[in-house]
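# Breakdown of the fold
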Amino acid sequence: AVIGVVGQGYVGLSLAASAAVEGMTVRAVDVDTDRIQQLAAGSNVVPGVDDALFANAVEAGRLFFGTDAAALADCDVVVICVPTPVVEHRPDLRFIEDAGRAVAGHLRRDSLVVLESTTYPGTTEQVLRPLLEAHGLRAGRDFLLAYSPERIDPGNVKYGLRNTPRVVGGIDEPSSQTAGMFYDQLVDEVEVLSSCRAAEMAKLLENTFRMVNIALVNELATLCSEQQIDVWEVIRAAATKPFGFMPFYPGPGVGGHCIPLDPTYLAWQSRRDTGRPFRLVETAQDINAHMPTYVTSRVIEALSDHGKAVKGANILALGVTYKPDVGDLRESAAIEVLARLVSKGAKVTFHDPFVTEIREHGLSLRGSSLSRTSLAAADIVLLLTPHSTYDVDMVAEHAKLLFDARNATNGSRRPTVVTL
Ligand code: SAJ
């Protein structure tokens with residue numbers, strides 16, 4: 001089979017590389033020339049895909065990287081894996097629309113098109129389908145059309161494409177079944193649903209579930225703190241319940257490119273299509289969005305308890321990416337905390353193994369060294385994103401005062417350690 005993959009971000013590349021390593025012929029296209037040149041040179045950047053097998057597939061011409069959608073003309077299956085950002089609190093489907101138009105120009109009769117990008121229910125049928133039919137071919141009659149949400153978790157070494165169950169839904173039974181058979185070649189467990197909408201909505205449920213439960217423990221953290229209850233102890237205790245509970249942990253907020261965004265697609269579509277707000281999403285997003293302000297207030301309080309004003313205070317922040325061990329600043333709540341502290345007159349420096357400078361939210365900060373000297377020089381050290389490379393005990397020992405936003409010190413009894 002010849003597979004086309006449109007979009008070579010971490011989702012599309014993982015799919016293209018895996019399909020090629022499985023022996024399929026793959027045409028991977030993207031509008032980003034630099035990225036395509038890098039990939040065509042065989043420099044594999046796909047975690048979980050064997051470098052040698054990747055290079056062999058490229059060598060053998062079974063894994064082709066290009067920028068021209070004409071390469072899709074001989075594909076039996078075309079999978080669209082393009083970004084679906086949120087712009088001004090609303091879905092931005094321009095990348096899906098561009099991809100739909102590009103694919104339509106080279107769509108083969110009897111081929112299958114699958115959309116993987118996270119989006120609101122109805123996108124595959126109402127937005128993508130008309131674009132694919134622009135040249136006269138009709139979905140269902142002349143080609144098959146389905147939706148299958150990606151579940152790639154960046155940096156997760158335990159779960160990859162093959163061992164992460166896959167959900168699929170088509171515009172009709174032949175589309176659903178054919179898409180199911182396609183993924184069966186790449187994924188151990190495939191769940192075929194009755195429609196594209198069900199598959200689109202399943203993805204939104206998965207990540208909305210996560211966002212809402214993080215908001216729950218974030219709000220609980222603010223309540224516990226006012227009652228001198230250790231929220232970390234409370235969560236650990238609740239997690240001893242072996243059924244019907246799953247722990248989430250409070251923090252400076254919810255970042256990344258999935259969890260803050262996917263629920264926005266749900267809330268937006270609810271308002272647009274039913275006129276009713278999706279109240280739980282909107283409330284939970286407000287709670288999470290408030291956390292940088294709350295963390296800032298707790299840091300100011302900790303300084304004050306130690307006789308220091310925030311104005312002019314030397315603050316060293318450790319870890320600024322959106323989650324530990326991932327070098328990604330997108331929607332990082334830690335950055336928002338730093339912006340708030342700078343606006344209150346603090347002198348902020350930061351260290352992060354993945355980040356050398358911060359130029360957003362009005363900040364212009366260069367990374368500083370992490371040493372006993374830099375720790376001791378700070379009036380307060382903020383451990384915002386606890387990368388696994390941090391020696392948290394050493395930090396706690398040498399910091400005059402440590403605000404531990406993620407309980408990385410795991411309940412340290414030191415009087416100089418304050419947790420969220
Ligand atoms: N976060 C908390 N408390 C938690 C969990 C996360 O504050 O208990 C924060 C993180 O610090 C981060 C944000 O939420 O800022 C998102 O964290 P995440 O662990 O959900 O990481 P992501 O954004 O990489 O989410 C991805 C998602 N994968 C896909 O959409 C395919 C998500 O569905 C996965 O569940 C998640 O990885 C994962 O489990 O690692």
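Residues numbered from 1 in each chain as written. Predicted model: local features only at pLDDT ≥ 70, side-chain atom pairs only at ≥ 80, totals over all residues. Heavy atoms only, no water.

### Some points on the sheet that holds strand β12 (residues 347-351)
Pairing is parallel across the open sheet formed by five strands, whose spatial order is β12-β11-β15-β16-β17. Looking at the sheet topology across the chains shown, the edges are occupied by β12 and β17 (417-419). Going across the sheet, the axis of each strand differs from the next one's by a mean of 20°, ignoring polarity. Relative to β17, strand β16 (residues 402-404) runs parallel, the two being bridged by three bridges. Its bridge partner being in β17, Leu402 is matched across the sheet by Val417. Sheet strands touched by helix α11 (residues 333-343): β11 (314-318), β12 and β15 (380-383). Its angle to β12, the strand with the most contacts, is close to 155°. (Pairing = 2+ DSSP bridges. Helix = DSSP H or I, 4+ residues; strand = E, 2+ residues; numbered from the N terminus. Axes fitted to C-alpha atoms, helices over the stretch in contact; angles between N-to-C directions. Contact = heavy atoms within 4.5 Å.)

### With respect to empty space enclosed by the protein
In this structure the tally under the stated criterion is one cavity of 30 Å³ or more. Considering only enclosed or pocket space, the largest cavity measures out at about 70 Å³ in volume. Per-class residue counts for the lining of the largest cavity are four nonpolar, two polar and two charged. (1 Å grid on protein atoms, 1.4 Å probe; cavity = no way out; pocket = protein on both sides within 12 Å on 5 of 7 lines; lining within 4 Å. Points joined across faces, edges and corners; volume = space filled by probe spheres on them. Nonpolar A, V, L, I, M, F, W, Y, C, P; charged D, E, K, R; others polar.)

### Considerations on the pairing of strand β4 (residues 77-80)
The side-chain alternation of β4 yields two buried faces, one formed by Val77 and Val79 and the other by Val78 and Ile80. Relative to β4, strand β1 (residues 2-6) runs parallel, the two being bridged by four bridges. Within β4, the position partnered with Gly4 by the bridge is Val78. Relative to strand β7 (residues 112-115), β4 runs parallel, the two sharing four bridges. Its bridge partner being in β7, Val77 is matched across the sheet by Leu112. (Buried < 20%, exposed > 50% of the residue type's maximum accessible area, 1.4 Å probe, protein only.)

### A look at the site of the ligand
Taken together, 18 residues lie around the ligand, and Asp153, Asn207, Arg210, Tyr249 and Tyr322 are the ones closest in. Taking Asp153, its side chain carries an N or O atom lying 2.7 Å from an oxygen atom of the ligand. Within the complex, 85% of the 730 Å² of free accessible area of the ligand lies under protein. In a pocket analysis with a 2 Å cut-off to the grid points, the ligand is assigned to the second largest pocket. Split into classes, the residues belonging to the shell around the ligand amount to eight nonpolar, three polar and seven charged. (Near = heavy atom within 4 Å. Polar contact = N/O pair within 3.5 Å; in protein donor to acceptor, adjacent residues only side chain to side chain. Areas by Shrake-Rupley, 256 points an atom, 1.4 Å probe, with all protein chains shown as cover. Sits in = over half its atoms within 2 Å of the grid points.)

### Quick notes on helix α4 (residues 94-104)
Because the α-helix completes a turn every 3.6 residues, residues three or four places apart line up on one side. The complete set of buried residues in α4 reads Ile96, Ala99, Gly100, Val103 and Ala104. Within α4, the buried residues cover an arc of 130° as seen down the axis, which keeps them to one side. In the core, the buried residues of α4 are packed alongside β1, β4, β7 and α5 (123-132). (Arc of directions from axis to C-beta.)

### Section: the sheet that holds β4
Taken together, the eight strands give an open sheet; going across it, the order is β3-β2-β1-β4-β7-β8-β9-β10, and neighbouring strands pair in mixed fashion. The sheet is open, and its two borders are formed by β3 (63-66) and β10 (190-193), each paired with just one other strand. Geometrically, the sheet is characterised by an average inter-axis angle of 20° between neighbouring strands, direction not taken into account. When strand β9 (residues 166-170) meets β10, the two strands line up parallel, connected through four bridges. If you follow Val168 over to β10, its bridge partner there is Val192. With respect to the sheet, α4 is in contact with β1, β4 and β7, its orientation differing from that of β4 by roughly 165°.

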